[in-house]
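If you want the building blocks of each chain, they are given just below.
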Amino acid sequence: MYGAMIGDTVGSKYEFNNIKTKDFPLFSEGCAITDDSVMTVAVASAILKSRDEQYHSGKRTFRSILVEEMQRYGRRFPHPQGGYGGRFGQWLQRENPEPYNSFGNGSAMRVSPCGIVAVCMEEAVALARASASVTHDHPEGIKGAEVVAAAIFLAKMGKSREEIRSHICEHYYELNSTVDEIRVHYGFDESCQRTVPEALICFLESKSFEDAIRNAISIGGDSDTVGAITGSVAWTYYCREKGYSQWVYEVPEEMAAIRQQALAYIPEDFVKTAEELHEAAWQRMGTYGRVGSCTWILSPGEMG
């Protein structure tokens, strides 16, 4: 989650003023969280609440809780930097909102908690599908969420960049371009199919978390969302690269310094939710590793 919020914040000032260079200050005047961070935290909050719901009664589904949390956060932050998409803004205000066949990149920019908390690939994909489908139920909207959650899950499990690339190419997208090639022609595009592959390439070509973020912002486009997607995978990968516990507790020093700078822009309760989600991820993986089961997040009918 920190990677998503950092990438979002760094990219926020360049969303409508793209730069085509990696030489820029990570944080400066004009940076702020956008709807990407707001909705990422809403997904995380829904995951935590649904886990408790499934443990105690299971009367409500993850999707119903997610709708409630997304509307609650959206109404709390009605005018984030960059605003909400038109149809999504309307969705936030409706009494009984329905999905609207969107393939926008909103499904992918908010999905990182699903990959973080999942204990197996099947759960990561199912959570991503459920998180997207309350708004972005177009196949490309679902696909964009699934691939980001899958990449984060693989990174959490210690897979190499080449293993992550192979999984993406086999199941989701061809990744034939390079960052330098993308940078030349890439422009603003809010679709999953023209945001997610580019963001993943920015991660796959990176040498560090910071380098991944610089790659993401340097290609232009929907900079805050490209940054959020790239950052969400890169944060998990580069934390996990240092050892199993790092993706939760022991952030590498250079990444901890970036996170400390980002905290000036991120609300305290967002940080608290991120910490709670990472703790839940650690607990679920440990339980699953010992006994092969843990408290569900999705209701039984949502796993299909």
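In case you missed it, the structure is sitting above this.
Just so you know, these numbers come straight off a predicted model, no measurement behind them.

The rules behind these values
- Residues numbered from 1 in each chain as written.
- Predicted model: local features only at pLDDT ≥ 70, side-chain atom pairs only at ≥ 80, totals over all residues.
- Heavy atoms only, no water.
- Helix = DSSP H or I, 4+ residues; strand = E, 2+ residues; numbered from the N terminus.
- Buried < 20%, exposed > 50% of the residue type's maximum accessible area, 1.4 Å probe, protein only.
- Contact = heavy atoms within 4.5 Å.
- Expected span 1.5 Å × (residues − 1).
- Salt bridge = Lys/Arg side-chain N within 4 Å of Asp/Glu carboxyl O.

*Asks:* Help me out: how do you make sense of unusual backbone geometry in this one?
*Replies:* Leaving glycine out, the prevailing phi sign among residues is negative, and the prevailing peptide bond configuration is trans. Unlike most non-glycine residues, Asn 101 shows phi in positive territory, near 60°. One can find Asn 101 in the loop between helix 4 (86–93) and helix 5 (106–109).

*Asks:* Help me out: how do you make sense of the environment of Tyr 288 in this one?
*Replies:* By the secondary structure assignment, Tyr 288 is in helix 15 (residues 268–291). Taking the relative accessible area as the measure of exposure, Tyr 288 reaches 32% and is therefore partly exposed. Sequence separation between Tyr 288 and Ala 132 is 156 residues, and the spatial gap between their C-alpha atoms is 25 Å. Dropping the residues within four chain positions of it, Tyr 288 is found in contact with Val 119, Cys 120, Ser 293 and Cys 294.

*Asks:* Explanation requested: helix 3 (residues 62–76) in the structure shown.
*Replies:* Owing to its 3.6 residues per turn, the α-helix brings residues three or four apart onto one side. With 15 residues, helix 3 ought to run about 21 Å at 1.5 Å a step, and its terminal C-alpha atoms sit 21 Å apart, in line with that. Regarding helix 3, the residues found buried are Phe 62, Ile 65, Leu 66, Val 67, Glu 69, Met 70, Gln 71, Tyr 73 and Gly 74. Residues of helix 3 that are buried in the fold lie against helix 2 (35–56), helix 4, helix 7 (121–133) and helix 15.

*Asks:* Would you take a moment to explain the pattern of salt bridges for this structure?
*Replies:* Pairs may arise between side chains of opposite charge once their charged atoms sit close together. Counted by the stated rule, this structure contains 15 salt bridges. One salt bridge connects Glu 123 with Arg 284, and the closest N-O pair in it is separated by 2.8 Å. Of the two residues, Glu 123 sits in helix 7 while Arg 284 sits in helix 15, which places them 161 residues apart along the sequence. Each member of the pair, Glu 123 as well as Arg 284, carries the same accessibility label: buried. Across the pair Glu 210 and Arg 214 runs a salt bridge, and its minimum N-O distance is 3.0 Å. With Glu 210 and Arg 214 both in helix 12 (residues 209–218) and four residues apart, this pair spans about one turn of that helix. Note on Arg 214: relative accessible area 16%, which makes it buried. Each of Lys 49, Glu 69 and Arg 72 takes part in a single network of salt bridges with overlapping partners.

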